[in-house]
Amino acid sequence: DQKFKVVVVGGGPGGLSVSSTVSQLLGKNQVAVIEPSSKHYYQPLWTYVGGGLKNFNESVKPMAEVMPSDAEWIQDKVTEFDPDNNTVKLADGQVVGYDYLVVAAGIQINWDKVKGLKQALGKDGVTSNYDADSVQKTYKFLQEFKGGNALFTFPNSPLKCPGAPTKMTFLAEEAFRLSGVRDKTNVIYNTAGGKIFGVDHYGRVLQKLADERNIKLNFQHELIEIDADNHQAVFKNNANNGEISSFEYDFIHVAPPQGPPTFIKESKLADAAGWVDVNKDTLRHNKYKNVFALGDCSSLPTSKTAAAITAESGVLKHNLIADIQGKKVEQAVYDGYTSCPLIVGRNELILAEFSGYTGQPLETFPVDQRGISRVSQFLNKEVIPAIYWNGLLKGTWTGPGLFRRMLDPLRPKRDN
Ligand code: FAD
């Protein structure tokens, strides 16, 4: 059995942003990353892939290529945590010890919670950008679509990138206009939520745009079944005593139910909801002081995005490295920064940036970012991917906070 100074669980953006910096600092054989997958996905690109604006290949790299060279990659799954003995257990039975543990294993997609979805996915107009295979079908189905009902769903659970289902709706609506079928198409967005977007500052703008584009929204509608044989999507209306209704579909994009990974939920690290129970300011575990978490699997009450991880990773690394070096310094504090690049057309984007803790905008640029912007679309589609691969994963990009503070004097007063 092996032991490392720092063990990182997960080789997504959360795990790599931390392990790259810490392994560089400590040198070889000190930091292990436990990650089963041979591929690393830049999932934020998947909305563009679904919309036919980017190639899927641009969202994938071999894990070996992005793994920090000074870190030890253990290609296996963690199955159990034993934080009382500072060890984790792997699928192959091996036990790995640590002084410090960082958990970044992402969110689990619970396809089975919608009856018939798993079997229907990727066939006959049923798709989801939340899956590496079916995201490659979305644009094909949009091109084949000849009119009828195009349905879009939003689950009754936490999810990564809560804006992604809406973005796909707007991109599809535009695709139908461009292919000349819009006038024979109903674009219907059925969300289990009560509004189009959680943060009203941006939600109001988005709702107005949906109205202008004749996108029909049904709130409190939770997808519970896909009946692929009859092209019916079945919804439960949670506002109306769980009333069941069926919608015929010719195309359906599903944002599936999600939740904490089972191996975390069943462990001593979990809070009541199943997420890694960390302090929302310091990212340190509330009970086990040598354990940290960031990203989608953490209990941090902000929206789950790679953008949030940029800021989270800076805070986590500050606090972890101070511990490793035995320095008594002031703890860094996370402000809940997250961002949702709301793609509303091929060349249109509303760059929502806010604190998930307060709902207050935390915009980088000294303009009102609620306006539709071509420049923001270019930034998100062409520039941010490069920052992700070359900055965030290498541990050198910890978010736009510094720029925001530098640009603060130029910022117009907000009306909110
Ligand atoms: P992940 O990236 O999911 O990585 C988790 C890693 O842990 C994986 O590599 C996995 O293999 C590994 N793992 C799982 N189980 C175990 C285990 N038992 N043991 C060891 N390792 C394990 N974010 C944005 O910022 N902007 C966007 O525009 C945006 N759009 C999105 C659109 C879509 C369609 C999707 C799906 C996501 C989008 N996101 C966006 C969200 C973003 O991709 C995630 O928030 C981000 O990837 C979370 O990073 P993470 O490291 O926490 O988890």
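Residues numbered from 1 in each chain as written. Predicted model: local features only at pLDDT ≥ 70, side-chain atom pairs only at ≥ 80, totals over all residues. Heavy atoms only, no water.

Which parts of the structure should I look at to understand unusual backbone geometry?
Working note: non-glycine residues mostly have negative phi, and peptide bonds are mostly trans. For Cys-161, which is not a glycine, the phi torsion comes out positive at approximately 45°. You can see Cys-161 is positioned in the loop between strand 11 (148-154) and helix 6 (164-178). (Helix = DSSP H or I, 4+ residues; strand = E, 2+ residues; numbered from the N terminus.)

Which parts of the structure should I look at to understand the packing of helix 1 (residues 13-26) against helix 9 (residues 306-324)?
Working note: a packed helix pair is described by the angle between its axes plus the distance between those axes. The interhelical angle for the contact between helix 1 and helix 9, taken along N-to-C directions, is 35°, at an axis separation of 10 Å. Of the two elements, helix 1 crosses helix 9, and the hand of that crossing is right-handed. Contacts between helix 1 and helix 9 involve Pro-13, Gly-14, Ser-17, Val-18, Thr-21, Val-22, Leu-25 and Leu-26 from the former and Ile-309, Ser-313, Leu-316, Lys-317, Leu-320, Ile-321 and Ile-324 from the latter. Among the residues forming the contact of helix 1 with helix 9, the class breakdown is 10 nonpolar, 4 polar and 1 charged. (Axes fitted to C-alpha atoms, helices over the stretch in contact; angles between N-to-C directions. Left-handed = near helix turned anticlockwise from the far one by under 90°. Contact = heavy atoms within 4.5 Å. Nonpolar A, V, L, I, M, F, W, Y, C, P; charged D, E, K, R; others polar.)

Can you help me understand a nonpolar patch on the surface in this one?
On the surface, Leu-402, Phe-403 and Met-406 cluster together into a nonpolar patch covering about 330 Å² of accessible area. When you line up the elements, Leu-402 lands in helix 11 (residues 401-407). Under the relative-accessibility criterion, Leu-402 is labelled exposed at 54%. (Patch = residues over 30% accessible without salt bridge, like charges linked within 9 Å, V, L, I, M, F, W, Y side chains within 5 Å. Areas by Shrake-Rupley, 256 points an atom, 1.4 Å probe, with all protein chains shown as cover. Salt bridge = Lys/Arg side-chain N within 4 Å of Asp/Glu carboxyl O. Buried < 20%, exposed > 50% of the residue type's maximum accessible area, 1.4 Å probe, protein only.)

Help me understand the nonpolar core in this model?
Generally speaking, soluble globular proteins have nonpolar side chains that are buried together. Leu-101, Val-103 and Ile-226 are the most contacted members of the largest nonpolar core, which totals 115 residues. It is helix 9 that provides the largest number of residues to this core, a total of 8 residues. (Core = buried A, V, L, I, M, F, W, Y, C linked by side-chain atoms within 4.5 Å.)

It is not clear to me how the pairing of strand 13 (residues 215-218) should be interpreted in this structure. Could you clarify?
Summarising the sheet, strand 12 (residues 185-191) and strand 13 pair through 4 bridges and their orientation is parallel. Note that in strand 13 the partner of Tyr-189 across the bridge is Leu-217. For the segment spanning strand 12, helix 7 (residues 200-212) and strand 13, crossover handedness is right-handed. (Pairing = 2+ DSSP bridges. Right-handed = clockwise from strand over helix to strand, strands pointing away.)

When you look at helix 5 (residues 135-144) in this model, what are you seeing that I'm missing?
Note on helix geometry: an α-helix contains 3.6 residues per turn, so any two residues three or four positions apart are oriented the same way. Three or more residues of helix 5 are buried, namely Val-135, Thr-138, Phe-141 and Leu-142. Projected onto a plane normal to the axis of helix 5, the buried residues spread over an arc of 100° and lie on a single side. Elements in contact with the buried residues of helix 5: helix 2 (46-50), strand 10 (126-127), helix 6 and strand 17 (251-253). (Arc of directions from axis to C-beta.)

Before we go on, may I ask you to explain the site of the ligand in this structure?
Around the ligand, a shell composed of 32 residues is seen, among which Gly-14, Glu-35, Asp-296, Ala-306 and Ala-307 lie nearest. Measuring from an oxygen atom of the ligand, one finds a backbone N or O atom of Pro-13 at 3.4 Å. At 2.8 Å from an oxygen atom of the ligand is found a main-chain nitrogen or oxygen belonging to Ala-307. Listing elements by their share of the shell around the ligand, those giving two or more residues are helix 1, helix 6 and helix 9. When residues in the shell around the ligand are grouped by element, the largest group, 3 residues, is from helix 9. Among the residues forming the shell around the ligand, the class breakdown is 16 nonpolar, 10 polar and 6 charged. Counting only domains with at least three residues in the shell around the ligand, you end up with domain 1 (2-108 + 260-324) and domain 2 (109-258). (Near = heavy atom within 4 Å. Polar contact = N/O pair within 3.5 Å; in protein donor to acceptor, adjacent residues only side chain to side chain. Domains from an automatic or database assignment.)

Looking at this model, I keep getting lost on helix 7. Mind explaining?
With 13 residues, helix 7 ought to run about 18 Å at 1.5 Å a step, and its terminal C-alpha atoms sit 18 Å apart, in line with that. Three or more residues of helix 7 are buried, namely His-201, Tyr-202, Gly-203, Leu-206, Leu-209 and Ala-210. In this structure, the buried residues of helix 7 make contact with helix 6, strand 13, strand 20 (337-345) and strand 21 (348-355). Directly beyond the C-terminal end of helix 7, a positive phi value near 55° is found at Asn-214. (Expected span 1.5 Å × (residues − 1).)

Purely spatial values, then, with no claim about function.
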